[in-house]
Amino acid sequence: VAGIATVRIALTSQRTKKTLIAVASGKGGVGKSTVSANLAIGLQALGRRVGLVDADIYGPSQPKLMGVEGSRPTAKDKLLEPVATPYGVPLLSMGQLVAADQAIAWRGPMAAGALGQLIDADWAAQDTLVIDLPPGTGDVQLTMIQKHKPAGAVIVSTPQDLALIDARRAIDLFAKAGVPIIGLVENMAGYACPHCGEVSDPFGRGGAEAAAAELGIAFLGRIPLDIAIRSASDAGTPPAARNGPEALAFTAIAQRVFH
Ligand code: ADP
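The rules behind these values
Residues numbered from 1 in each chain as written. Predicted model: local features only at pLDDT ≥ 70, side-chain atom pairs only at ≥ 80, totals over all residues. Helix = DSSP H or I, 4+ residues; strand = E, 2+ residues; numbered from the N terminus. Rg over C-alpha atoms; globule rule 2.2 N^0.38 Å. Buried ≥ 20, exposed ≤ 12 C-beta atoms within 10 Å, placed from the backbone. Contact = placed C-beta atoms within 7 Å. Axes fitted to C-alpha atoms, helices over the stretch in contact; angles between N-to-C directions. Parallel < 35°, antiparallel > 145°, perpendicular 65-115°, else oblique. Left-handed = near helix turned anticlockwise from the far one by under 90°. Nonpolar A, V, L, I, M, F, W, Y, C, P; charged D, E, K, R; others polar. pLDDT = per-residue confidence, 0-100. Core = buried A, V, L, I, M, F, W, Y, C linked by C-beta atoms within 7 Å. Near = placed C-beta within 6 Å.

A. Examining the overall build of the protein chain more closely. Across its full length, the protein chain carries nine helices and ten strands. Against the compact-globule benchmark of 18 Å for 259 residues, the protein chain has a radius of gyration of 17 Å, which places it among compact chains. In terms of its C-alpha atoms, the protein chain occupies a principal-axis envelope of roughly 50 × 45 × 35 Å. In the protein chain, which comprises 259 residues, the proportion classed as buried is 49%. Sequence-distant contacts, at least 24 apart, represent 76% of the contacts inside the protein chain between residues at least 6 apart.

Written out as structure tokens, the structure reads:
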């Protein structure tokens, strides 16, 4: 990945248009949805008016993560109305467009159309949209980049994933299209002991930060593999919205996005 410019998004940028922040990963299961939900809540806590768009057609998990499983948006003047969540961040999800037990097996153009409905919805009250993309580099990502032109992309990776080619491919896709890479979040980095809270590093420490430096992108921070994060997420109470110590790591990442 050559020639990537590290960016800082100005807080006051895009006064009329919304600031779209795409959250991407090379592959699934690295915590991209978890980071998206908690980043959205963290940015909201910093005073932005944030909406969350769940564009992950393969596994739309934001309704569950945000405590509104089974919710359905209404439509007004042909625009979808985002669903309110207990955390002040309204949400629209691919998962809300289909019945709960229905698999989403859309062709490229349909997925792109659905993404358009989610982004061009009634977000009048929001200045910032966090967009949880599907993993990889497919149709939804291309539509996101070409049509909706995000202000920047946050890349989520595990320490192991980073060594693989996938995360770099995702970075390359945005960089080649001229979408600034806001930075890299290292998730499941080290293991937080559920008894004493101490974080140990079975895969070593500092690898992701070094890789980010090598790629010329900012390092936004690391989130440990922590049972408290998984159980809070499963319960629909995102850690960033709780008063626990795990909220701090997410808040710190949110702070770095605009600075
Ligand atoms: P992705 O969106 O990349 O597919 P998810 O955010 O859905 O990944 O996370 C996959 C699983 O890992 C979920 O069960 C989630 O709760 C869990 N998880 C994500 N990040 C962490 C973490 N830092 N500590 C513990 N569990 C995590």
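B. Local environment of the packing of helix α1 (residues 32-45) against helix α9 (residues 246-257). It is the contact of α1 with α9, at a shortest axis distance of 8 Å, that shows an interaxial angle of 70°. One way to sum up the angle between α1 and α9 is to call them roughly perpendicular. α9 is crossed by α1, and the crossing has right-handed handedness. The segment α1 lies against α9, with Asn38, Leu39, Gly42, Leu43 and Ala45 engaging Phe250, Thr251, Ile253, Ala254 and Val257. Here the residues of the contact of α1 with α9 sort into seven nonpolar, three polar and no charged.

C. Summary view of the confidence of the model for the protein chain. Confidence in the prediction for the protein chain averages 88 pLDDT; 92% of positions are at 70 or higher. Here residues 1-6 is modelled with pLDDT under 50, and outside its nearest four sequence neighbours on either side it reaches 14 contacts, counting other chains as well.

D. Broad picture of the nonpolar core. In terms of nonpolar packing, the biggest core is built from 72 residues, with Ile21, Val23, Leu39, Val130, Ile131, Val154 and Ile155 touching the most fellow members. Those residues in contact with Ile155, other than ones at most four positions away along the chain, are Ala24, Ser25, Ala167, Ala170, Ile171, Ile181 and Leu184.

E. Up close: the site of the ligand. By nearness alone, 17 residues border the ligand, and Gly31, Lys32, Ser33, Thr34 and Arg230 come closest of all. At the level of secondary structure, the elements contributing two or more residues to the shell around the ligand comprise α1, β8 (181-192), β10 (219-225) and α8 (227-234).

F. Local environment of the environment of Val30. Within the secondary structure, Val30 is located in the loop between β1 (19-25) and α1. Setting aside residues no more than four positions away along its own chain, Val30 makes contact with Ser25, Val156, Ser157, Thr158, Asp161 and Asn187.

G. Examining unusual backbone geometry more closely. Positive phi values are uncommon outside glycine, yet Lys78 reaches one of about 65°. Mapped onto the elements, Lys78 comes out in the loop between β3 (74-76) and β4 (79-81). Using a count of 8 C-beta atoms within 10 Å as the deciding quantity, one classes Lys78 as exposed. Positive phi outside glycine occurs at Lys149, with the angle close to 45°. Turning to its location among the elements, Lys149 is positioned in the loop between α4 (139-148) and β7 (152-157). C-beta crowding within 10 Å serves as the criterion here: with 13 such atoms nearby, Lys149 is assigned to the partly exposed category.

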